[in-house]
Amino acid sequence: MTTIVPMLAKTHAASAEVRRLTDARKKAILDRLAEVLLENKAQIILENQKDLSRMSPEDPKYDRLTLTEKRIADLASSLNDVADLPDPTGQILLEKSLENGLSIRKIAVPLGVVGVIYESRPNVTIDVTSLCIRSGNAVVLRGGSDAYETNICLIGLIHKVLKEFDINTDAITLLPVNREFVKELLTATRYVDVIIPRGSESLIEFVRKNSLVPTIETGAGVCHTYVETTANLENARNIVVNAKVSRPSVCNSLDTVVVDRAIAAQFLPMLKEDFLKYNVEVFADETAFEILSSVNYPYLQQADEADFGREFLDFKCSVKIVEGFDEALKHIGKYSSRHSEAIISENTEYCLIFQQEIDAAAVYANASTRFTDGGAFGLGAEIGISTQKLHARGPFALEKLVTEKWIVTGEGQVRW
């Protein structure tokens, strides 16, 4: 194959078929796909193992790549959840009559063809497919080579379901992993309506610089949790540990713990036992290093500037000691990727100010940043977490996979 243009053209043509699907038919497709995933979970795991065999278990991407029976069951459940959500298309957003007699309506319509570039997360194949079918969009998927066998298997199951419903399988297209085709996708303005990159900062930066197709960024997550002087320290311990170790390879996991100096000597040793269970490597500033050294925490490094503003995606985090609320705001403001940030505090005023002043897609008070997720927010699923401010911010889910169309009806009116 020397070009992917014929594939893109076929998907563009098939998008009209997806756009015309009724609400009931879209629901039925997703519910059937959920059944097919569960019926074929053994085959999915077998193909996934082929991909995993080529990657070191020590690689932070290994967990993202892994599909287990539970994760497949969760994907199936997510398909059912998306099927149960209201159809975002056809909704009347504005309706009025003008003095000249024209009737004007603004309605929600599908974007058309959604292109998604992602790396070693095969669950994205199912999540994106479910959201795009439910919102009446066709989709072009460019997964990473790490998940090639798994994605081929999943696309095969998706196409099986489309055939059962007599729908053109070109509506859901998986592109070859050859890198030379990426720029072709990014410049296919005739066939693709939007590009959504999901992956590393380098991938997002590449798409940002090279795409002629409008792009919605789902950015890297450099997430902070600030433990303020008045915090309930047991709550703070639970939240910090959860945000760091529950699934460190995802973008909503904790990267930096920010702690008020007044409570640092009391709080940081409280993390020792839980962090030891996961061999969490801590990159600590001077004060935090002294405190953790005094309790003989073994996985300890002196932090340098590069350890702040760093997305670890592993059992690693940095610790910054601050002289109160204002310095915490400044530190987070400087290093945040504007994804998810949290404050742990019993001071209601500080919590409100933090949530107002911190510029991020999701801002928490007394809760783990791990909740920044389309499913956890009751949105069914997500394509990613958008850290930009135009069109979508936060979980990029079903209700954002539409645009607007103006429908104008007259009785012969003209304008000179």
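Residues numbered from 1 in each chain as written. Predicted model: local features only at pLDDT ≥ 70, side-chain atom pairs only at ≥ 80, totals over all residues. Heavy atoms only, no water.

A.B. asks: Any details on unusual backbone geometry? Residues and values, ideally.
C.D. replies: Positive phi, close to 55°, is recorded for L313, a residue that is not glycine. Here L313 lies in the loop between strand 10 (300-302) and strand 11 (316-322). Notably, R338 is not glycine yet its phi reads approximately 70°, a positive angle. For R338, the location among the structural elements is in the loop between helix 14 (325-335) and strand 12 (340-344). Using a relative accessible area of 40% as the deciding quantity, one classes R338 as partly exposed. (Helix = DSSP H or I, 4+ residues; strand = E, 2+ residues; numbered from the N terminus. Buried < 20%, exposed > 50% of the residue type's maximum accessible area, 1.4 Å probe, protein only.)

A.B. asks: Before we move on, could you go through the nonpolar core and cite the residues and values that matter?
C.D. replies: Judged by nonpolar contacts, the single largest core of 51 residues is most densely connected at L37, V116 and L141. Tallying contributions element by element places helix 7 (residues 148-164) first for this core, with seven residues. With residues up to four places along the chain from it excluded, the contact list for V116 reads V124, V128, V139, V140, L141, R142, I196 and I383. By size, the runner-up hydrophobic cluster in this structure holds 30 residues, among which are V257, A264, A284 and L292. (Core = buried A, V, L, I, M, F, W, Y, C linked by side-chain atoms within 4.5 Å. Contact = heavy atoms within 4.5 Å.)

A.B. asks: Any details on helix 6 (residues 123-134)? Residues and values, ideally.
C.D. replies: Taking 1.5 Å as the rise per residue, helix 6 with 12 residues should run 16 Å; its terminal C-alpha atoms sit 17 Å apart, in good agreement. Along helix 6, 12 of the 12 residues are buried, which leaves the element largely enclosed by surrounding structure. Among the residues of helix 6, N123, V124, T125, I126, D127, V128, T129, S130, L131, C132, I133 and R134 are the ones counted as buried. In the segment just after helix 6, G136 is the residue with positive phi, at about 75°. (Expected span 1.5 Å × (residues − 1).)

A.B. asks: An account of the sheet that holds strand 5 (residues 172-174) is requested, with residue identities and associated values reported.
C.D. replies: Taken together, the four strands give an open sheet; going across it, the order is 5-4-3-6, and neighbouring strands pair in parallel fashion. Across the chains shown, the open sheet's two edge strands, defined by having one partner strand only, are strand 5 and strand 6 (194-198). Mean inter-strand twist for the sheet, computed between neighbouring axes without regard to direction, equals 15°. Two strands pair when backbone bridges link them, and strand 3 (residues 113-118) and strand 6 are joined in this way by five bridges, in the parallel orientation. Note on strand 6: the bridge partner recorded for V116 is I196. (Pairing = 2+ DSSP bridges. Axes fitted to C-alpha atoms, helices over the stretch in contact; angles between N-to-C directions.)

A.B. asks: Account for the side chain of E228, naming residues and giving values.
C.D. replies: Along the polypeptide, E228 turns up in the loop between strand 7 (223-227) and helix 10 (233-245). Here E228 occupies a buried position and makes no salt bridge, while the nearest side chain of opposite charge, R261, is found at 14 Å. Side-chain polar atoms of E228 contact the side chain of T230, separated by 2.4 Å. Discounting chain neighbours no more than four positions away, the residues touching E228 are D260, I263, I343, I344, S345, E346, N347 and Y350. (Lys, Arg positive; Asp, Glu negative; His and termini not counted. Salt bridge = Lys/Arg side-chain N within 4 Å of Asp/Glu carboxyl O. Polar contact = N/O pair within 3.5 Å; in protein donor to acceptor, adjacent residues only side chain to side chain.)

A.B. asks: If you had to explain the environment of K61 to someone new, which residues and values would you point to?
C.D. replies: With respect to the helices and strands, the residue K61 is situated in helix 4 (residues 61-65). As a C-alpha pair, K61 and D146 span 85 residues in sequence and 9.1 Å in three-dimensional space. Discounting chain neighbours no more than four positions away, the residues touching K61 are M55, S120 and D146.

A.B. asks: Could you give me a rundown of the packing of aromatic side chains, with the residues and numbers involved?
C.D. replies: For the coordinates displayed, the defined rule picks out six aromatic pairs. Here the aromatic rings of F308 and Y335 are separated by 6.1 Å at their centres, their planes lie at 50°, and the arrangement is tilted. Here the residue F308 occupies a position in the loop between strand 10 and strand 11, and Y335 occupies one in helix 14, the gap between them amounting to 27 residues. Classification of F308 by relative accessible area gives buried; the value is 11%. Ring geometry for F325 against Y350: centres 4.1 Å apart, planes inclined by 5°, an arrangement best described as stacked. Residue F325 is found in helix 14, and its partner Y350 is found in helix 15 (residues 348-357); the two are separated by 25 residues along the sequence. (Phe/Tyr/Trp six-rings, centres within 6.5 Å; stacked < 30°, edge-to-face > 60°.)

A.B. asks: Give me the lowdown on the pattern of salt bridges, citing residues and values where you can.
C.D. replies: With the rule as written, the count across this model stands at 24 salt bridges. Salt-bridge contacts for E39 lead to R32; the nearest nitrogen and oxygen are separated by 3.4 Å. We classify E39 as exposed; its relative accessible area is 53%. Note that E47 is salt-bridged to K50, the shortest N-O span being 3.2 Å. Taken together, the residues span about one helical turn, with E47 and K50 both in helix 3 (residues 41-52) at a distance of three residues.

A.B. asks: Could you give an account of the packing of helix 2 (residues 23-39) against helix 6, naming the residues involved and the relevant values?
C.D. replies: Two elements in contact, helix 2 and helix 6, have axes whose closest approach is 9 Å; the angle formed by their N-to-C orientations is 160°. The pairing of helix 2 with helix 6 is recorded here as roughly antiparallel in orientation. Note on packing geometry: the crossing formed by helix 2 with helix 6 is right-handed. Side by side, helix 2 and helix 6 meet where D23, K26, K27, I29, L30 and L37 of the first sit next to I126, S130, I133 and R134 of the second. Across the contact of helix 2 with helix 6, the residue classes break down as five nonpolar, one polar and four charged. (Parallel < 35°, antiparallel > 145°, perpendicular 65-115°, else oblique. Left-handed = near helix turned anticlockwise from the far one by under 90°. Nonpolar A, V, L, I, M, F, W, Y, C, P; charged D, E, K, R; others polar.)

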